[in-house]
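Structural overview for review
What follows is the residue order along each chain.
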Amino acid sequence: MPRKDGRRRGAERQDVEAVLDELYTTPPSDFVSLREERAAAARTDKRAEDARRIRAARRPTRAAWAANLLLRSRPQESDRFLELGRALREAHRSLDADGLRELSAQRRRIVTVLSRQAAQLAGEAGHPLSEPARREVESTLRAVLADPDAAGRWARGRLESALTPPSDFPAEGALANAAPASEPARRTTAPGPTGRRAKDELAERRRKRQQELDRAREEAEAAELRAGERRTARTGTEEALRRARAEEDRAREQVSDLEHRLREARDELGRAERELREAGERDREAGDALARAEREAREAARRVQRLGGRGG
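Right, let's walk through the structure included here. This one's a predicted model, so the numbers in the text were calculated from it and none came from an experiment.

So, the overall build of the protein
- Per the secondary structure count, the protein includes 11 helices and zero strands.
- Listed by position from the N terminus, the elements making up the protein come as α-α-α-α-α-α-α-α-α-α-α.
- By the burial criterion, 29% of the 312 residues in the protein qualify as buried.
- For the protein, the accessible surface area stands at approximately 20,400 Å², while carbon and sulfur atoms represent 50% of it.

And the structure:
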């Protein structure tokens, strides 16, 4: 029995985590109503703690929602982006100017590509981003690259507001223009094993960062290609939607015309039915009058016969 209860509690925890993930990828305009619905369901199931956690969730801004949606909808690109941020912060900590230049070369491009994807996802969800909101998404992505705490918060997918890069992290221009490390002073003797090991470690870090940069570049190019394909597909669907709406308008006009004609036909039918009833009544009255006249004629004929017999 304890094992069964443990599995049930685990399932409930998983349920509430799934609900929170769902909430933070729900458009902000629908957030509160969905939160109340899910919290009420948890209370009905006697899960008071889950209901409290759900009820405590705060509605995200439009930019934070778009950043959450990007993370959930583009998991591979998001993982590469987080890896790029780790490599960039490591290069900054080690004052590796060459590594900083290599990694920062794609920084603006990747941020631009991902922010564009976030805007596209928001538009596809029916809630396009304003220009200030797009800038807040870009600020959030730059913060993810620069700050491990910001990266961890974004990786959870439950941002409530946009993030801001730390002021002590070099700006993009500073990264691109970082000066190369100064040449070491000439040695009269060959470097020792420690110096060679440090150089080897630095070279290995650079190699790994270059691999991460290559992967990030490939992901960015693939993401841009997919975005282009989706833009093309969206253009096709918009045209199909326009044609469908035009067809719907024509069909509505036809239905309206047919309904008008049907009403007129029903009016004509009503008049015809009334005239038929009136004609039927007149026919019955005429039949009754004819029957009476025929009876009267027969009676008159019989009287004539009787009177004629008497005279004879």
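A word on the environment of P28
- With respect to the element layout, P28 can be found in helix 2 (residues 28-44).
- By relative accessible area, which is 11% here, P28 ends up buried.
- Sequence-wise, P28 and P60 are 32 residues apart; in three dimensions their C-alpha atoms are separated by 6.2 Å.
- Each residue touching P28, except ones within four places of it in the same chain, is listed here: R59, P60, T61, R62 and W65.

Quick notes on the nonpolar core
- Grouped together as the largest cluster of nonpolar side chains are 31 residues, with contacts concentrated most on L70, F81, L129, V137, L141 and W154.
- Of all the elements in the fold, those that place two or more residues in this core are helix 4 (62-73), helix 5 (75-93), helix 7 (107-124), helix 8 (131-146) and helix 9 (148-156).
- Ignoring sequence-local partners within four residues, the contact set of L70 consists of S78, L114, Q117, A118, L121, L141 and W154.
- By size, the runner-up hydrophobic cluster in this structure holds 12 residues, among which are L20, F31, L34 and A39.

Considering the side chain of T140
- Within the secondary structure, T140 sits in helix 8.
- Residue classification places T140 among the buried residues on the basis of a relative accessible area of 0%.
- Setting aside its immediate chain neighbours within four residues, T140 contacts A67, L159, A162 and L163.

Observations regarding helix 8
- With 16 residues, helix 8 should cover 22 Å at 1.5 Å per step; its first-to-last C-alpha distance of 23 Å lies within 8% of that length.
- Taken residue by residue, helix 8 has A133, V137, S139, T140, L141, A143, V144, L145 and A146 as its buried positions.
- For helix 8, the secondary structure elements touched by its buried residues are helix 4, helix 5, helix 7 and helix 9.

Concerning the pattern of salt bridges
- This model, assessed by the stated rule, comprises 16 salt bridges.
- Across the pair R250 and E247 runs a salt bridge, and its minimum N-O distance is 2.1 Å. Of the two residues, R250 and E247 both sit in helix 11 (residues 193-311), three residues apart, roughly one turn of that helix.
- With relative accessibility at 40%, the residue R250 sits in the partly exposed group.
- Using a relative accessible area of 46% as the deciding quantity, one classes E247 as partly exposed.
- Members of the salt-bridge network, linked through shared partners, are E17, D21, R53, R72 and R158.

Re unusual backbone geometry
- Even without being a glycine, K46 presents a positive backbone phi close to 65°.
- Assignment of secondary structure puts K46 in the loop between helix 2 and helix 3 (48-56).

Quick look at a positive patch on the surface
- On the surface, R292, R295, R298, R302, R303, R306 and R310 cluster together to form a positively charged patch.
- Note on placement: R298 falls in helix 11.

Quick notes on a negative patch on the surface
- A contiguous patch of negative charge, built from E275, E278, E281, E285 and D288, is present on the exposed surface.
- Following the sequence through the fold, E281 ends up in helix 11.
- Taking relative accessible area as the criterion, E281 reaches 43% and is therefore assigned partly exposed.

Criteria and thresholds
- Residues numbered from 1 in each chain as written.
- Predicted model: local features only at pLDDT ≥ 70, side-chain atom pairs only at ≥ 80, totals over all residues.
- Heavy atoms only, no water.
- Helix = DSSP H or I, 4+ residues; strand = E, 2+ residues; numbered from the N terminus.
- Buried < 20%, exposed > 50% of the residue type's maximum accessible area, 1.4 Å probe, protein only.
- Areas by Shrake-Rupley, 256 points an atom, 1.4 Å probe, with all protein chains shown as cover.
- Contact = heavy atoms within 4.5 Å.
- Core = buried A, V, L, I, M, F, W, Y, C linked by side-chain atoms within 4.5 Å.
- Expected span 1.5 Å × (residues − 1).
- Salt bridge = Lys/Arg side-chain N within 4 Å of Asp/Glu carboxyl O.
- Patch = residues over 30% accessible without salt bridge, like charges linked within 9 Å, V, L, I, M, F, W, Y side chains within 5 Å.
- Lys, Arg positive; Asp, Glu negative; His and termini not counted.
- Charge placed at Lys NZ, Arg CZ, Asp CG, Glu CD.

Any link to function would need more than the numbers given here.
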